[in-house]
Amino acid sequence: MTFGEKVRAARVNAGLSQKDLSRMTGISLRTIQNYEAGDRMPKKRETYTILAKELHLDENALLDDNAEFVLEVAEKYGYKGKKQALKLTEEVAGLYAGGTLDEEDMDAMMKAIQEAYWKAKEINKKYTPKKYLNNGNEEESPAK
């Protein structure tokens, strides 16, 4: 189940409208709609915490492996790293479309690709000139 599906199911189960959830969390209605439609993911870990609290869920219940990976990359490498991680997860997910892999095999494949990503980043770090290293401090847009 995707993040958006989890939010929608929990919201409906709690008897809340999208507008109610927006008011309770301080997250814009449009952003809630985008989350549920699968068009957006939270940019900050605290957004998961806020949503989980108001939906009476454990924060980890909203996270999937891809979301956790993207958040970790964003924390370490900033906006550009996050874009790379999102692109990677979307492209790898495309490999599953219409496939016959079971859920366990898909998860194992995604974890292996994520581990390869982390190793590649570490290896490439030593070849990056110091003037180009910004330690993940790139500006992010303020929207949730």
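The rules behind these values
Residues numbered from 1 in each chain as written. Predicted model: local features only at pLDDT ≥ 70, side-chain atom pairs only at ≥ 80, totals over all residues. Heavy atoms only, no water. Helix = DSSP H or I, 4+ residues; strand = E, 2+ residues; numbered from the N terminus. Buried < 20%, exposed > 50% of the residue type's maximum accessible area, 1.4 Å probe, protein only. Axes fitted to C-alpha atoms, helices over the stretch in contact; angles between N-to-C directions. Parallel < 35°, antiparallel > 145°, perpendicular 65-115°, else oblique. Left-handed = near helix turned anticlockwise from the far one by under 90°. Contact = heavy atoms within 4.5 Å. Salt bridge = Lys/Arg side-chain N within 4 Å of Asp/Glu carboxyl O. Phe/Tyr/Trp six-rings, centres within 6.5 Å; stacked < 30°, edge-to-face > 60°. Lys NZ or Arg CZ within 6 Å of the ring centre and 35° of its normal. pLDDT = per-residue confidence, 0-100.

### Digging into the overall build of the protein chain
1) Next: Scanning the protein chain for helices and strands turns up 7 helices and 0 strands.
2) Next: Ordered by position from the N terminus, the helices and strands of the protein chain form the series α-α-α-α-α-α-α.
3) Next: Within the span of the protein chain, comprising 144 residues, buried residues form 31% of the whole.

### Quick word on the packing of helix H2 (residues 18-25) against helix H3 (residues 29-37)
1) Next: Remark: H2 packs on H3, axes separated minimally by 9 Å, with the N-to-C direction vectors making an angle of 120 degrees. With respect to their mutual orientation, H2 and H3 come out oblique. Between H2 and H3 lies a crossing whose hand is right-handed. Seen from H2, the contacting residues are Gln18, Lys19, Leu21, Ser22 and Thr25; seen from H3, they are Leu29, Ile32, Gln33 and Glu36.

### Re the environment of Leu21
1) Next: Counting through the fold element by element, Leu21 comes out in helix H2.
2) Next: As for Leu21 and Val7, which are separated by 14 residues in sequence, their C-alpha atoms are 9.9 Å apart.
3) Next: Not counting residues within four places of it along the chain, the set of residues in contact with Leu21 comprises Val7, Arg11, Ile32, Leu51, Glu54 and Leu55.

### As for the pattern of salt bridges
1) Next: Tallying each qualifying case throughout the model produces 4 salt bridges.
2) Next: Notably, a salt bridge pairs Arg11 with Glu36, separated by 2.6 Å at the nearest N-O pair. Note that Arg11 is positioned in helix H1 (residues 3-13) and Glu36 in helix H3, a separation of 25 residues in sequence. Comparing Arg11 with Glu36 shows no difference in burial state: the two are buried.
3) Next: Measuring nitrogen to oxygen at the nearest pair gives 3.2 Å for the salt bridge that ties Lys76 to Glu122.

### Structural notes on the packing of aromatic side chains
1) Next: Enumeration according to the criterion identifies 6 aromatic pairs in this entry.
2) Next: Look at Phe69 and Tyr117: their rings are 5.3 Å apart centre to centre, the planes differ by 85 degrees, and that puts the pair in the edge-to-face class. Here the residue Phe69 occupies a position in helix H6 (residues 65-96), and Tyr117 occupies one in helix H7 (residues 103-125), the gap between them amounting to 48 residues. Grouping residues by exposure puts Phe69 and Tyr117 together as buried.
3) Next: One aromatic cluster is present, built from ring pairs that chain together Phe69, Tyr77, Tyr117 and Trp118.
4) Next: Above the face of the Tyr77 ring, Lys121 is positioned so that its terminal group lies 4.5 Å from the ring centre.

### A short note on the confidence of the model for the protein chain
1) Next: Summary statistics for the protein chain give a mean pLDDT of 81 and a share of 81% for residues scoring 70 or more.
2) Next: Per-element averaging of pLDDT across the protein chain places H6 at the bottom with 80 and H2 at the top with 96.

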